[in-house]
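Remarks on the overall topology
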Amino acid sequence: MSQYPNYGQTQQPYQGQANPSNPNPQFRPPVAPSPGGYQQTSAAYPNGASNQQYMQNNAQGFSGQQQDQSYFPPQQGIQPQQQHAMGQPDMAGLTNQMGGMGIGGENAGGYGAPSAERPRKKRDRHAHHTIEQPAGGSQAFDGMPQGGGGGPYANQFANQFSQGAAPAANQFPVAASSYAPGSTTISTEPPPQQPGTPLVGMPVQSSQGRVDPEQIPSVPRSRDVPAAHFLEHLYPTIEQHLPPPAAVPFVAYDQGNASPKFTRLTLNNIPASNDHLASTGLPLGLILQPLTRLQEGEQPVPVIDYGDVGPPRCRRCRAYINPFMTFRSGGNKFVCNMCTFPNDVTPEYFSPTDPSGIRIDRMQRPELHLGTVEFMVPKEYWAKEPVGLRWLFLVDVSAEAINRGFLDAVCEGILNALYGDSNPNDEDPGANGAEKRKLPEESRIGIVTYDREVHFYNLRPGLSQAQMMVMSDVEDAFVPLSKGLFVDPVESRKVITSLVKELPNMFSQVKSPDPALLPTLDAALAALSKTGGKIICSLASLPTWGPGRLFVRDDGKMHGNDAEKRLFTTEHAEWKRTANKMVESGVGVDFFMAAPSGGYLDIATIGHVSGLTGGEVYYYPNFHAPRDTLKLSNEIKHTVTRETGYQALMKVRCSNGLQVSAYHGNFLQHTFGADLEFGTIDADKALGVMFSYDGKLDPRLDAHFQSALLYTTANGERRVRCSNIVASVSDGAMEGMKFVDQDAVTNIIAREAASRMVERSLKDIRNALTEKTVDILAGYRKNFSGSHPPGQLVLPENLKEFSMYMLGLTKSRAFKGGREPTDRRVHDVRMMKSMGPTEMSLYLYPRIYSVHNLGEQDGFANEKGHLRMPNSIRASFSKIEEGGAYIVDNGQVCLLWLHAQVSPNLLEDLFGPEYTDLQKLDPFMSQLPVLETHLNAQVRNILQYLEGTRGSKALTIQLARQGLDGAEYEFARLLYEDRNNEAQSYVDWLVHLHRHIQLELAGQRKKEDTSGEATALAGFAGLRAPYWN
Ligand SMILES: [Zn+2]
């Protein structure tokens, strides 16, 4: 039975692209460009001379050889693994030594390893099938963690091959004829390993009864090795079934299955029955990020226009045409891959099929061979006439905003977003107008300011200056002008620029103390109700004026008691009503909220509006203009220039036998089963979908999932974006464990925990997270890991770092123990509900790089033009060296931590000749100066790389000097492997998990002691199987 088009017979157009080791000529692998004026070679510093100067201060006690390489002697195990001699004779000895330490060997087994060095024997030792590499196949992927097994789709492929397709002709080599379903013997060996990684059985207790911290699974390593691999290789979406780690940049090549950037399944091989899934403790779910950013080298999503008839869809379940639908009766019927209904093909869409049932026009039709496509849709899909996106800036001009420099920063951000770095004196868009456009051509913008009154501005291009219209009665919101509120930012550049620049002055005399926020939002909604649009709203103090005024709810006394969770939500009917109306009108809101004196803003109430409408809150808890203006300005620019759609509806369909059981994210859903509604949705927003069984799946068939986002683009086109993802089905759960996606699992669990914040205490949630972790690991131990000695903690290969991420979750600002202002908790919880996998991964475990011992070549492009990144280090103070300097980035903040005894030479090289000690540095510095030193260029390049792989937050640096800056506390908080945030160290956590797994195996496991919270826990206990839902 062939379920979908035969990939074994892919046709010519893919020839060049299908071989990942020989990418097409347009493909340019990602690399952070060098800063202007910098050469990427070290030619200016022959023999590493540039670095030698720092050594004078650090010479004592260190080996002379290493001094050439670093500001500070690397400690074994965390030093840069690539020390490139590059023809320098005096380096050769060191290189040899490094080789002798086996460092190169470790890497050789990883993702990036040349196939010749890969320890094939290890894989062959398993009783798994051997993959034969067909001609023109994917040698480049030899080192990939495919577990030596057939792919998830092996069942169907095997069938296809048995129908006569020769594997050698296969463009998408998967497990070929050597794979026979049913012959897989999973012996006592655990599931497949990534070549070169430590064995799965992980001894937790050594002979001394101690755990060796070096032996426990390392998140940094789990990222660095694949990152190096994916600098050089594509990720082909059918050939490979386990997506790269979410924190790693990669170029996906869409082979009919959607790229993991759009959609990640927790299990890429699904157990046929609920019982089998339940035995794993794992959730079956999907993470969707429908408008995600693509990276250079990736094909843009094609847009297909079928005119008035619209895209072909299944008559029964309304699924959109996709690569997994099959054609029958000579092309006259198409069989739906979701519901198996045989549909008639309309005459307009007809194409004959070849003898194997493949449409002969398949390669000319993107919807038949790409996993993600976009369809233009006709009028019946419209809710209202689509127009270009209207952006409305609501600017707080009350006293606090003016006093703290927040208004200046917001104005700077707006101009930065609309006009970027182009010459501000050039007010004539002229012939170069198109080049200066930061927004799509059809987009329009409007500006409103507010304090106790709301001020609208006529920005018509011909005006000598903007005209203000005041809505002084905030009890009765209306829009005082009909024309000139929304304008083309290029045509009205002069009017807009002079108004925005003048705003801080204009209101400096007024200084009204209270902003009236809800009436302003209502007026903005009135202005956008006919078209929909996006609101960007700044706020610098609690809105205490007019209808919907707020007061300080968090008096700090409710910490830890039951009343606290009321502070995590809003009880304000008027705010809720406004939020609902916005979604209905296709309006979304991003807030830029500053608490200049650290005050309470009731983010639970205000942020509800952005949460429900699909927007976002950017929060500056202790806004200080000199430090935060750059971040604020860059974030306003990011929010305005990222891909944004509005008036969006989302629907997820899946194969018969499965059904959607829950959605987790920021959106409006009127009733369960209804489509999800978003006022706006943008590139950074993701949501989670959970599935349950509606019967038993047929292991001979694959399981299919399709997400469809109906939305209006910023340029005013109504479209549907479809992503299709397929997973194979198997009788037990063993195969599922081979293709489990750790990032998707963590992401789903984090979202669900976030959704429970309003009903459960934080302590309950933390306990539930612990229980869940034990369930999953014990489930694996019980069912799959065979006969390991009882003293070993056995971790599934593809969930090796799962426990660490879960520990990171319990230590996150959202869920951690101890005091935390409710504003900050609520902010992080809402953010978590819409984070994509990349941002989530970083949020749960930061990336840390040491700056003082960078290799000579680190932070520069290699001979292939790829940026050479240093290895990251574990988030533990035990890895911090005396005299060291570190970059710590969790995707939200980026700290530059400097040890008190850091070398003065390092400071000079990083910050400039006048900075010879820590005290002289500007504590509010937010970016590095551009200097002509090697180190400065290295670090700026590394920061630029980090900036390219994160979520919605701008990357600016914040200094954390040991013993001097408050940010040091944040640094300590982020060292998630240590004992902090009222939680265990990583080592202790593993010991704790291990103990509970052993109890579970012995049938003696009791739930965590929660003294007196039996009722709440009973609620959770019922949620343990199959999943807490
Ligand atoms: Zn159907």
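A brief look at the structure comes next. Source: prediction; values computed, not measured. (Residues numbered from 1 in each chain as written. Predicted model: local features only at pLDDT ≥ 70, side-chain atom pairs only at ≥ 80, totals over all residues. Heavy atoms only, no water.)

Comments concerning unusual backbone geometry
- Backbone geometry places R318, a non-glycine residue, at a positive phi of 70 degrees.
- Checked against the element boundaries, R318 lands in the loop between strand 7 (303-305) and strand 8 (326-328).
- On the basis of relative accessibility, which here comes to 38%, the residue R318 falls in the partly exposed class.
- One non-glycine residue, Q647, lies in the positive phi region at around 50 degrees.
- Among the secondary structure elements, Q647 is positioned in strand 19 (residues 644-654).
- Residue class for Q647 comes out buried when judged on its relative accessible area of 9%. (Helix = DSSP H or I, 4+ residues; strand = E, 2+ residues; numbered from the N terminus. Buried < 20%, exposed > 50% of the residue type's maximum accessible area, 1.4 Å probe, protein only.)

Looking at the side chain of N343
- Here N343 shows up in strand 10 (residues 342-344).
- Among the polar contacts listed, one links the side chain of N343 to the backbone nitrogen of R315, at a separation of 2.7 Å.
- Among the polar contacts listed, one links the side chain of N343 to the backbone oxygen of F341, at a separation of 3.2 Å.
- When sequence neighbours within four positions are dropped, the list of residues in contact with N343 reads R313, C314, R315, R316, N332, K333, F334 and C336. (Polar contact = N/O pair within 3.5 Å; in protein donor to acceptor, adjacent residues only side chain to side chain. Contact = heavy atoms within 4.5 Å.)

Considerations on the coordination of the zinc ion
- Protein coordination of the zinc ion is provided by C314 (SG), C317 (SG), C336 (SG) and C339 (SG), with donor distances spanning 2.2 to 2.3 Å.
- Viewed at the metal, the four donor atoms of the zinc ion are separated by angles of 102 to 115 degrees, and the geometry they form is tetrahedral.
- We note that the donor set of the zinc ion lies within a single chain, spaced as C-x2-C-x18-C-x2-C. Remark: C336 occurs in the loop between strand 9 (333-335) and strand 10 and C317 occurs in the loop between strand 7 and strand 8; sequence separation between them is 19 residues.
- Looking at C336, the relative accessible area reads 2%, which means it is buried. (Donors = N, O, S within 2.8 Å, 3.2 Å for Na, K, Ca; no water. Tetrahedral: all angles 85-135°; square planar, octahedral: opposite > 155°, others 65-115°.)

Some details on a nonpolar patch on the surface
- Judged by side-chain polarity, M468, V470 and M506 come together as a nonpolar surface patch covering roughly 220 Å² of accessible area.
- Within the secondary structure, V470 is located in strand 15 (residues 467-471).
- On the basis of relative accessible area, V470 is assigned to the partly exposed category, the value being 37%. (Patch = residues over 30% accessible without salt bridge, like charges linked within 9 Å, V, L, I, M, F, W, Y side chains within 5 Å. Areas by Shrake-Rupley, 256 points an atom, 1.4 Å probe, with all protein chains shown as cover. Salt bridge = Lys/Arg side-chain N within 4 Å of Asp/Glu carboxyl O.)

Thoughts on the sheet that holds strand 18 (residues 616-620)
- With respect to topology, seven strands assemble into an open sheet ordered 15-14-13-12-16-17-18, the strand pairing being mixed. Either end of the sheet is taken by a strand with one partner, and the two such strands are strand 15 and strand 18. On average, each strand axis in the sheet is tilted by 20 degrees relative to the strand beside it, whichever way the strands run.
- Note: strand 16 (residues 533-539) against strand 17 (residues 587-594), seven bridges, orientation parallel. Within strand 17, the position partnered with C537 by the bridge is F591.
- Sheet strands touched by helix 15 (residues 517-528): strand 12 (390-396), strand 13 (444-450), strand 14 (454-458), strand 15, strand 16 and strand 17. Its angle to strand 12, the strand with the most contacts, is close to 160 degrees. (Pairing = 2+ DSSP bridges. Axes fitted to C-alpha atoms, helices over the stretch in contact; angles between N-to-C directions.)

Things to note about the nonpolar core
- The biggest cluster of nonpolar side chains holds 141 residues, and the ones touching the most others in it are I535, F591, F705 and F815.
- Two domains each donate at least three residues to this core, and these are domain 2 (390-420 + 440-641) and domain 3 (846-975).
- Of all hydrophobic cores here, the second largest spans 43 residues; its members include W391, L407, V495 and F592. (Core = buried A, V, L, I, M, F, W, Y, C linked by side-chain atoms within 4.5 Å. Domains from an automatic or database assignment.)

Quick look at the pattern of salt bridges
- For the structure on display, the rule yields 50 salt bridges.
- Between R642 and D590 there is a salt bridge, with its nearest N and O atoms 3.0 Å apart. Pair noted here: R642 is in the loop between helix 18 (625-641) and strand 19 and D590 is in strand 17, with a separation of 52 residues, a long-range link. Across this residue pair, the class does not change: R642 and D590 are buried.
- Among the ionic pairs, R642 bridges to D682, the shortest N-O distance being 3.2 Å.

Topic: the sheet that holds strand 27 (residues 885-889)
- Across the sheet, which stays open at both edges, the four strands sit in the order 26-27-28-29 with mixed pairing between neighbours. Both edges of this open sheet fall to strand 26 (847-850) and strand 29 (957-961), since each of them pairs with a single strand only. Ignoring which end each strand starts from, the neighbouring axes of this sheet average 20 degrees apart.
- Note: strand 28 (residues 894-898) against strand 29, five bridges, orientation parallel. Paired with L898 across the two strands is R961, which belongs to strand 29.

Side note on the pairing of strand 12
- Here strand 12 lies mainly inside the structure; seven of its seven residues are buried.
- A two-sided burial pattern is seen for strand 12, the buried positions comprising R390, L392, L394 and D396 on one face and W391, F393 and V395 on the other.
- One ladder, built from seven bridges, connects strand 12 with strand 13; its direction is parallel. Paired with D396 across the two strands is Y450, which belongs to strand 13.
- Alignment of strand 12 against strand 16, held across four bridges, turns out to be parallel. Pairing of L392 across the sheet is with I535, part of strand 16.

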